[in-house]
Amino acid sequence: MPEIEQKLRFIQILDIGNGGRVVTSIEFLSLANKVSGRGQELHLRKQAQLMDAGVNLVKIDLLRDGDRVMILRPEHIPPHARTTYQIVCWRAHHRKSFEVFRAPRRQPLPIIPIPLREHDPDVPLDLQALIDQVYENAEYDDIDYRADPVPSLSGEDASWADGLLRGRGLR
(Lines give C-alpha, C1' and ligand atoms only; values in the text may rest on other atoms or scores of the structure.)
Protein backbone atom coordinates (compact mmCIF):
# COMPACT_ATOMS: atom_id res chain seq x y z
CA MET A 1 0.00 0.00 0.00
CA PRO A 2 1.26 3.49 -0.69
CA GLU A 3 2.17 5.57 2.33
CA ILE A 4 -0.46 8.14 3.22
CA GLU A 5 0.89 11.57 4.03
CA GLN A 6 -0.14 12.76 7.47
CA LYS A 7 0.05 16.22 8.92
CA LEU A 8 1.26 16.03 12.48
CA ARG A 9 0.00 18.72 14.80
CA PHE A 10 1.80 20.24 17.74
CA ILE A 11 1.90 23.49 19.65
CA GLN A 12 5.10 25.44 20.13
CA ILE A 13 5.41 28.31 22.57
CA LEU A 14 7.85 30.92 21.34
CA ASP A 15 9.84 33.61 23.17
CA ILE A 16 9.25 36.57 20.86
CA GLY A 17 11.62 38.70 22.94
CA ASN A 18 14.41 36.27 22.11
CA GLY A 19 14.12 36.05 18.33
CA GLY A 20 11.20 33.63 18.34
CA ARG A 21 13.14 30.87 20.11
CA VAL A 22 11.01 27.79 20.86
CA VAL A 23 10.51 27.55 24.63
CA THR A 24 8.06 24.65 24.90
CA SER A 25 6.72 22.04 22.50
CA ILE A 26 3.42 20.30 23.31
CA GLU A 27 2.59 17.23 21.27
CA PHE A 28 -0.32 14.81 21.19
CA LEU A 29 1.19 11.57 19.92
CA SER A 30 -0.27 10.08 16.77
CA LEU A 31 -0.26 6.46 15.69
CA ALA A 32 2.49 7.39 13.19
CA ASN A 33 4.68 8.28 16.21
CA LYS A 34 3.92 5.00 17.97
CA VAL A 35 4.30 2.42 15.21
CA SER A 36 7.78 1.32 14.13
CA GLY A 37 8.85 2.90 10.87
CA ARG A 38 9.61 6.22 9.28
CA GLY A 39 7.09 8.22 11.31
CA GLN A 40 8.45 6.96 14.60
CA GLU A 41 12.05 7.54 13.50
CA LEU A 42 11.25 11.14 12.54
CA HIS A 43 9.41 11.67 15.82
CA LEU A 44 12.32 10.41 17.93
CA ARG A 45 14.85 12.41 15.91
CA LYS A 46 12.81 15.62 16.33
CA GLN A 47 12.40 14.93 20.05
CA ALA A 48 16.19 14.60 20.46
CA GLN A 49 16.76 17.83 18.50
CA LEU A 50 14.32 19.73 20.70
CA MET A 51 15.90 18.40 23.88
CA ASP A 52 19.39 19.27 22.61
CA ALA A 53 18.14 22.80 21.86
CA GLY A 54 16.86 23.21 25.44
CA VAL A 55 13.17 23.16 24.59
CA ASN A 56 10.70 22.03 27.27
CA LEU A 57 8.68 19.03 26.09
CA VAL A 58 5.16 17.94 26.97
CA LYS A 59 4.14 14.61 25.42
CA ILE A 60 0.51 13.52 25.61
CA ASP A 61 -0.37 9.97 24.60
CA LEU A 62 -4.12 9.37 24.48
CA LEU A 63 -3.87 6.31 22.23
CA ARG A 64 -4.11 2.73 23.45
CA ASP A 65 -2.46 1.30 20.36
CA GLY A 66 1.21 1.31 19.36
CA ASP A 67 4.44 1.43 21.35
CA ARG A 68 5.12 3.86 24.16
CA VAL A 69 7.59 6.39 22.78
CA MET A 70 7.48 8.98 25.51
CA ILE A 71 10.46 11.01 26.70
CA LEU A 72 10.64 8.65 29.67
CA ARG A 73 10.95 4.92 29.07
CA PRO A 74 7.90 2.95 30.29
CA GLU A 75 9.87 1.01 32.92
CA HIS A 76 10.97 4.32 34.50
CA ILE A 77 7.41 5.50 35.04
CA PRO A 78 6.47 4.91 38.70
CA PRO A 79 3.94 2.07 39.08
CA HIS A 80 1.28 4.40 40.57
CA ALA A 81 1.46 6.59 37.43
CA ARG A 82 1.20 3.76 34.88
CA THR A 83 -2.24 4.50 33.54
CA THR A 84 -3.96 3.82 30.23
CA TYR A 85 -2.93 7.17 28.84
CA GLN A 86 0.40 8.84 29.53
CA ILE A 87 1.46 12.45 29.96
CA VAL A 88 5.11 13.28 30.51
CA CYS A 89 6.72 16.68 30.93
CA TRP A 90 10.45 17.38 30.61
CA ARG A 91 11.86 20.73 31.67
CA ALA A 92 15.01 21.79 29.87
CA HIS A 93 16.45 23.42 33.00
CA HIS A 94 15.98 20.17 35.00
CA ARG A 95 17.39 17.81 32.40
CA LYS A 96 17.46 14.67 34.56
CA SER A 97 13.93 14.86 35.96
CA PHE A 98 10.53 14.19 34.45
CA GLU A 99 6.97 14.80 35.57
CA VAL A 100 4.45 12.07 34.92
CA PHE A 101 0.74 12.80 35.15
CA ARG A 102 -1.85 10.12 35.78
CA ALA A 103 -4.52 9.83 33.10
CA PRO A 104 -6.68 6.78 33.86
CA ARG A 105 -9.37 5.91 31.34
CA ARG A 106 -12.31 6.22 33.73
CA GLN A 107 -11.48 9.69 35.06
CA PRO A 108 -11.39 13.12 33.44
CA LEU A 109 -8.04 14.07 31.99
CA PRO A 110 -5.93 16.15 34.37
CA ILE A 111 -4.97 19.80 34.42
CA ILE A 112 -1.24 19.83 33.72
CA PRO A 113 1.37 22.56 34.13
CA ILE A 114 2.95 23.80 30.91
CA PRO A 115 6.51 24.98 31.54
CA LEU A 116 7.73 28.21 30.03
CA ARG A 117 11.08 29.94 30.51
CA GLU A 118 12.88 28.95 33.70
CA HIS A 119 11.90 32.11 35.59
CA ASP A 120 8.27 32.16 34.38
CA PRO A 121 5.42 30.46 36.23
CA ASP A 122 3.80 27.45 34.59
CA VAL A 123 0.54 27.84 32.70
CA PRO A 124 -2.19 25.31 33.55
CA LEU A 125 -3.69 23.34 30.66
CA ASP A 126 -7.03 21.66 31.34
CA LEU A 127 -6.73 18.67 29.02
CA GLN A 128 -10.31 17.48 29.53
CA ALA A 129 -11.74 20.90 28.69
CA LEU A 130 -9.48 21.05 25.62
CA ILE A 131 -10.57 17.61 24.37
CA ASP A 132 -14.23 18.43 25.05
CA GLN A 133 -13.90 21.65 23.03
CA VAL A 134 -12.17 19.88 20.14
CA TYR A 135 -14.90 17.22 20.13
CA GLU A 136 -17.58 19.92 19.96
CA ASN A 137 -15.82 22.14 17.41
CA ALA A 138 -14.97 19.25 15.09
CA GLU A 139 -18.53 17.93 15.26
CA TYR A 140 -17.52 14.41 16.22
CA ASP A 141 -21.11 13.75 17.28
CA ASP A 142 -21.58 11.65 14.13
CA ILE A 143 -19.36 8.80 15.39
CA ASP A 144 -21.15 5.45 15.52
CA TYR A 145 -20.53 4.30 19.08
CA ARG A 146 -22.43 1.04 18.57
CA ALA A 147 -19.22 -0.53 17.23
CA ASP A 148 -16.51 -1.64 19.64
CA PRO A 149 -13.36 0.49 19.69
CA VAL A 150 -10.12 -0.66 18.05
CA PRO A 151 -8.19 -1.93 19.86
CA SER A 152 -11.10 -3.34 21.83
CA LEU A 153 -11.54 -2.82 25.54
CA SER A 154 -11.58 -5.81 27.83
CA GLY A 155 -13.39 -6.83 31.00
CA GLU A 156 -14.38 -4.05 33.37
CA ASP A 157 -13.30 -1.32 30.96
CA ALA A 158 -15.61 -2.66 28.24
CA SER A 159 -18.52 -2.81 30.73
CA TRP A 160 -17.75 0.70 31.98
CA ALA A 161 -17.63 2.14 28.43
CA ASP A 162 -20.82 0.33 27.42
CA GLY A 163 -22.65 1.70 30.47
CA LEU A 164 -21.38 5.21 29.80
CA LEU A 165 -22.48 5.11 26.16
CA ARG A 166 -25.88 3.59 27.01
CA GLY A 167 -26.38 6.29 29.66
CA ARG A 168 -25.85 8.94 26.98
CA GLY A 169 -28.15 7.18 24.50
CA LEU A 170 -25.30 6.32 22.12
CA ARG A 171 -25.82 2.54 22.30
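If you're wondering where the values come from, they're calculated on a predicted model, not measured in any experiment.

Participant: Report on the overall build of the chain, specifying residues and quantitative values.
Facilitator: Across its full length, the chain holds 4 helices and 7 strands. If you list the helices and strands of the chain from N to C, you get β-β-α-α-β-β-β-β-β-α-α. Oriented by its inertia axes, the alpha-carbon framework of the chain measures out at about 50 × 40 × 35 Å. Counting all 171 residues of the chain, 32% fall into the buried class. Restricting the contact set of the chain to residue pairs at least 6 apart, pairs at least 24 apart contribute 48%. Counting only carbon and sulfur atoms, one obtains 53% of the accessible surface of the chain, whose full area is about 11200 Å².

Participant: Any chance you could break down the pattern of salt bridges for me, citing the residues and the numbers?
Facilitator: The full count for this structure, using the stated rule, is 14 salt bridges. One salt bridge connects Asp 157 with Arg 105, and the closest N-O pair in it is separated by 2.3 Å. Of this pair, Asp 157 sits in helix α4 (residues 155-167) while Arg 105 sits in the loop between β5 (98-103) and β6 (111-114); the two residues are 52 residues apart in sequence, bridging distant segments of the chain. The exposure classification of Asp 157 matches that of Arg 105, with both residues buried. Its salt-bridge partner being Arg 106, residue Glu 156 comes within 3.8 Å of it at the nearest N-O pair. Placement of the pair is Glu 156 in helix α4 and Arg 106 in the loop between β5 and β6, with a sequence separation of 50 residues. Classification of Glu 156 as exposed rests on a relative accessible area of 62%. Note on Arg 106: relative accessible area 39%, which makes it partly exposed. Through salt bridges with shared partners, a single network forms among Arg 105, Arg 106, Glu 156 and Asp 157.

Conventions and cut-offs
- Residues numbered from 1 in each chain as written.
- Predicted model: local features only at pLDDT ≥ 70, side-chain atom pairs only at ≥ 80, totals over all residues.
- Heavy atoms only, no water.
- Helix = DSSP H or I, 4+ residues; strand = E, 2+ residues; numbered from the N terminus.
- Buried < 20%, exposed > 50% of the residue type's maximum accessible area, 1.4 Å probe, protein only.
- Contact = heavy atoms within 4.5 Å.
- Areas by Shrake-Rupley, 256 points an atom, 1.4 Å probe, with all protein chains shown as cover.
- Salt bridge = Lys/Arg side-chain N within 4 Å of Asp/Glu carboxyl O.

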